[in-house]
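What the coordinates show
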There are 2 protein chains.
Amino acid sequence: MNIGQASKASGVTTKMIRYYDEIGLVRPSARTDSNYREYDEREINELRFIRRARSLGFSMPEITQLLSLWRDRDRPSREVKAIADRHLADLDARIAEMQAMAQTLRHLSHCCAGDDRPDCPILADLTQGALPSEPKPKSRRAHVHGG
Amino acid sequence: MNIGQASKASGVTTKMIRYYDEIGLVRPSARTDSNYREYDEREINELRFIRRARSLGFSMPEITQLLSLWRDRDRPSREVKAIADRHLADLDARIAEMQAMAQTLRHLSHCCAGDDRPDCPILADLTQGALPSEPKPKSRRAHVHGG
DNA sequence: CTGCGCGTTCCCACGGTGGGAAGGTCAAGC
DNA sequence: GCTTGACCTTCCCACCGTGGGAACGCGCAG
């Protein structure tokens, strides 16, 4: 299978397949005399694996680990689970962060008349909002706007 | 105020202040003879505005619009609200997407023993998961993997 | 005048993805 | 055989923010 066929079979663009080759994630099993990449069923599956993993939000480094675990028939599922759980925690944190943004925005939007007049609580919030506000970096941590 | 002072006053790094200058978002009101950027109170406020807007997840294009509305004393709050609502919808969509990922992952993780054995529902999902899933390419177009 | 901190510009990197140019290859049709 | 067009190759560039750092200029204090 050449790259185009691999692309159709895996649902990964040729650009991305070349990129995965370049970064050493999925190397074609062979090259033809004329330097065309050749992929076999196994690599197609790896490509699909990556596609699926990306759709679950895994980063490339995580996928690299996942893929090497996948290739190792003797992996302990513990390791896979650890990666998944770490990613899950990360995902949850980002969701929480975005929900905080959304909630603030929802409130602000709710308070905004949205008419022809210039008075706008949204701009008002943006204007004064989030002053440096760290006169006492005592025990509190974890600002929304991270620094 | 030079860039360092502006940075302290606004909470925006000097790198970012230069970047905002470069893309024309916030230009220093003046330059000294020796080409140092000079910022006045107004620009410090704009910098803070941007910082706050970014903390709410607005993109640079959105901030560009927001900022020009902020500068216009006669803006209709309608326009501000429209931008905020669009961003909010975008945020909600991304949250939903990430929640779907998280839920799938949570389920998979839950099903994974996480021990020394190699059997792993997480890898199993990744392996076969998300087949191209187009048994009937009838009227539908718009492939995920575009040509 | 020297030293240091701060300013300036310019380039590079990241993560992933896509666009496109310039050139080689392959299969099909004449 | 030769042409054509689709496909392959590599290489560079862009995005969006953000940070790192080099090379060089400036300002203030000793």
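Rules used throughout
- Residues numbered from 1 in each chain as written.
- Chains lettered and ligands numbered in written order.
- Predicted model: local features only at pLDDT ≥ 70, side-chain atom pairs only at ≥ 80, totals over all residues.
- Heavy atoms only, no water.
- Helix = DSSP H or I, 4+ residues; strand = E, 2+ residues; numbered from the N terminus.
- Contact = heavy atoms within 4.5 Å.
- Polar contact = N/O pair within 3.5 Å; in protein donor to acceptor, adjacent residues only side chain to side chain.
- Least-squares fit on C-alpha atoms with pLDDT ≥ 70 in both.
- Near = heavy atom within 4 Å.
- Nonpolar A, V, L, I, M, F, W, Y, C, P; charged D, E, K, R; others polar.
- Buried area = accessible area lost by both parts, 1.4 Å probe.
- Salt bridge = Lys/Arg side-chain N within 4 Å of Asp/Glu carboxyl O.
- Axes fitted to C-alpha atoms, helices over the stretch in contact; angles between N-to-C directions.
- Parallel < 35°, antiparallel > 145°, perpendicular 65-115°, else oblique.
- Buried < 20%, exposed > 50% of the residue type's maximum accessible area, 1.4 Å probe, protein only.
- Phe/Tyr/Trp six-rings, centres within 6.5 Å; stacked < 30°, edge-to-face > 60°.

**A word on the environment of A:Arg27**
Residues and elements named next belong to chain A. Within the fold, arginine 27 resides in the loop between α2 (14-22) and β1 (30-31). Arginine 27 sits 16 residues away from glutamate 43 along the chain, and the two C-alpha atoms are 8.0 Å apart. With residues near it in sequence (within four places) discarded, arginine 27 still touches Asp21, Glu22, Tyr39 and Glu43. There is a polar contact of 3.1 Å between the side chain of arginine 27 and the backbone oxygen of aspartate 21.

**Considering the relation of the copies chain B and chain A**
In screw terms, the move from chain B to chain A is a rotation of 180° and a rise of 0.0 Å along the axis, fitting with an RMSD of 0.0 Å. In short, the pair behaves as if placed about a two-fold rotation axis. Of every C-alpha in chain B, the one belonging to B:Ile95 sits nearest the axis of rotation, 2.9 Å from it.

**Points about the protein's contact with DNA strand D**
Among the 19 residues in the neighbourhood of DNA strand D, the closest are listed as A:Gly4, A:Arg18, A:Arg37, B:Lys15 and B:Met60. Near the protein, meaning within 4 Å, the atoms of DNA strand D are sugar or phosphate in a fraction of 70%, with bases accounting for the rest. A distance of 2.7 Å separates a phosphate oxygen of DNA strand D from a polar atom in the side chain of A:Arg37. With respect to DNA strand D, the side chain of B:Thr13 contributes an N or O atom lying 3.3 Å from a phosphate oxygen.

**Topic: the protein's contact with DNA strand C**
Of all residues adjacent to DNA strand C, which total 18 residues, the nearest are A:Lys15, A:Ser34, A:Met60, B:Gly4 and B:Arg37. Within 4 Å of the protein, the contacting atoms of DNA strand C are drawn from sugar and phosphate to the extent of 70%. One of the backbone N or O atoms of A:Met60 is found 3.2 Å from a phosphate oxygen in DNA strand C. Side-chain polar atom of B:Asn2 to a phosphate oxygen of DNA strand C: 3.2 Å apart, as the coordinates give it. Every element with two or more residues in the surface near DNA strand C is listed here: α2 of chain A together with α1 (3-10) of chain B. Counting residues per element, the surface near DNA strand C draws most heavily on α2(A), at four residues. When grouped by side-chain class, the residues that make up the surface near DNA strand C number seven nonpolar, six polar and five charged.

**Brief notes about the interface of chain B and chain A**
The interface is formed by 58 residues belonging to chain B together with 60 residues belonging to chain A. Of the roughly 5,300 Å² buried between chain B and chain A, counting both surfaces, carbon and sulfur atoms make up 65%. At the junction of chain B with chain A, the criterion picks out six salt bridges. Linking A:Arg78 and B:Asp116 is a salt bridge whose minimum nitrogen-to-oxygen distance equals 2.4 Å. Inspection of the chain B/chain A interface yields 24 residue pairs in polar contact (both at pLDDT 80 or more). Counting only elements with at least two residues in the side of chain B that touches chain A, the list comes to α3 (41-55), α4 (60-71), α5 (77-111) and α6 (121-128) of chain B.

**A closer look at the packing of α5(B) against α6(B)**
Residue and element names in this part refer to chain B. Running from N to C, α5 and α6 point in directions that differ by 130°, and their axes come no closer than 7 Å. As judged from the angle between their axes, α5 and α6 are oblique. Across from Leu108, Ser109 and Cys111 in α5, the residues of α6 making contact are Pro121, Ile122 and Asp125. Among the residues making up the contact of α5 with α6, the classes are represented as four nonpolar, one polar and one charged.

**Digging into the pattern of salt bridges**
For the coordinates displayed, the defined rule picks out 20 salt bridges over all chains. Taking the shortest distance from any N to any O, the salt bridge between B:Asp90 and B:Arg94 comes out at 3.3 Å. You can see B:Asp90 and its partner B:Arg94 sitting in helix α5, four residues apart, about one turn around the helix. Take B:Asp90: its relative accessible area is 39%, and that puts it in the partly exposed class. Overlapping salt bridges, with partners in common, bring together A:Asp21, A:Arg27, A:Arg31 and A:Arg37 in one network.

**Some thoughts on the packing of aromatic side chains**
Any aromatic ring pair is given by two values, namely how distant the centres are and how the planes are angled relative to each other. All names here are of chain B. Following the criterion strictly, the structure yields four aromatic pairs over all chains and no others. Centroid distance tyrosine 19 to tyrosine 20: 6.0 Å. Interplanar angle 50°. Geometry classified as tilted. Look at tyrosine 19 and you get partly exposed, because its relative accessible area is 34%. Between the aromatic rings of phenylalanine 49 and tryptophan 70, the centroid separation amounts to 5.4 Å while the plane-to-plane angle is 50°, which identifies the pairing as tilted. With phenylalanine 49 in helix α3 and tryptophan 70 in helix α4, this pair connects stretches of sequence that are 21 residues apart.

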